[in-house]
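Analysis of the macromolecular model
So you can see what is in the structure, the chains are spelled out below.
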Amino acid sequence: MIWGVLALVAGFGVVASAFYFARDCPSGPRRVVLLGDSLVGGPALPEALRARLAARSAVWAHSYQGQSAAVVAGHLDDALRHETVSDLIILAGVNDLANGAAPEGVAQALSALVHATEARGVRVRLVQIPPWAGHSRYNAQGTALVNSWIAQSRGVTLESMGAAGRLAGAYDGGDGLHLNAQGQARLAQIIAQQAFCR
């Protein structure tokens, strides 16, 4: 990872230092953990991602429904209990924003989680919050700030999953936020392309 000087700014305050994820393309089998809230839940996402990685790769999902980014971060030890985890893919923060939390807290929790994962010798990538303007508790400003920070850090970007902030109908599980099986397959494709060059 290459650390930079960019920062996410909300109002007049610095939210969190930005960093640059290396543009690397890992080869060979990977042992990947998806860590996040309900957006990484369900069997379709880990299976679809595993199918796109090199042969003999493994993918596990650790999903904590309704939980904040800080609570998700607290489960790092559990997520890394699998033998020789090579990569941690993090998608969290939407519950914070849905509950009116400031984007500063989301960015700080995710940044701390990235630091802690790197310290364990595990490759890590952040994933943007998918489009969710169709949800009743949508937080437009907070989502834009957090997603901009992740994009600046060369994380996985998800603009192609919708338009005007709304999740594409083909991917919508019914509430404007959660993904159906087709949406999970598309998310797996994007993660494979941007985080693994597959």
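Reading guide: rules and limits
- Residues numbered from 1 in each chain as written.
- Predicted model: local features only at pLDDT ≥ 70, side-chain atom pairs only at ≥ 80, totals over all residues.
- Heavy atoms only, no water.
- Pairing = 2+ DSSP bridges.
- Helix = DSSP H or I, 4+ residues; strand = E, 2+ residues; numbered from the N terminus.
- Axes fitted to C-alpha atoms, helices over the stretch in contact; angles between N-to-C directions.
- Contact = heavy atoms within 4.5 Å.
- Buried < 20%, exposed > 50% of the residue type's maximum accessible area, 1.4 Å probe, protein only.
- Arc of directions from axis to C-beta.
- Right-handed = clockwise from strand over helix to strand, strands pointing away.
- Core = buried A, V, L, I, M, F, W, Y, C linked by side-chain atoms within 4.5 Å.

**A few points about the sheet that holds strand β5 (residues 87-91)**
Here four strands make up an open sheet; going across it, the order is β4-β3-β5-β6 and the pairing parallel. Edge positions in the sheet fall to β4 (58-63) and β6 (123-126), since each has one partner strand and no second. When strand polarity is set aside, the average angle formed by the axes of neighbouring strands in this sheet is 20°. Pairing of strand β3 (residues 31-36) with β5, which is carried by five bridges, proceeds in the parallel orientation. Looking across to β5, one finds that V32 is bridged to D87. Contacts from helix α7 (residues 181-196) reach β3, β5 and β6 within the one sheet, and its direction differs from that of β5 by about 130°.

**Some details on helix α1 (residues 44-52)**
Looking only at α1, the buried set comprises L45, P46, A48 and L49. For α1, the angular spread of buried residues about the axis comes to 165°, placing them on one side. Where α1 is buried, its residues meet β3, β4 and α7.

**Overview of the pairing of β5**
Most of β5 is tucked away: five of the five residues are buried. A two-sided burial pattern is seen for β5, the buried positions comprising D87, I89 and L91 on one face and L88 and I90 on the other. Examined bridge by bridge, β5 and β6 share four bridges and lie parallel to one another. Residue I89 lies in a different strand from β6, and its bridge partner there is R125.

**Observations regarding the pairing of β4**
Relative to β4, β3 is paired through six bridges, and the arrangement is parallel. When the bridges of β4 are listed, V33 appears paired with W60. Following the chain from β3 across α1 to the adjacent parallel β4, one finds a crossover that is right-handed.

**Focus: the environment of R125**
Following the sequence through the fold, R125 ends up in strand β6. Along the chain, R125 and F21 lie 104 residues apart, while their C-alpha atoms are 7.1 Å from each other. The contact partners of R125, leaving out residues within four places of it in the chain, are F21, A22, D24, L88, I89, I90 and A195.

**Here's the deal with the nonpolar core**
L49, L88, L126, L187 and I191 are the most contacted members of the largest nonpolar core, which has 57 residues in total. Ranked by the residues each element gives to this core, the list is headed by α7, at seven residues.

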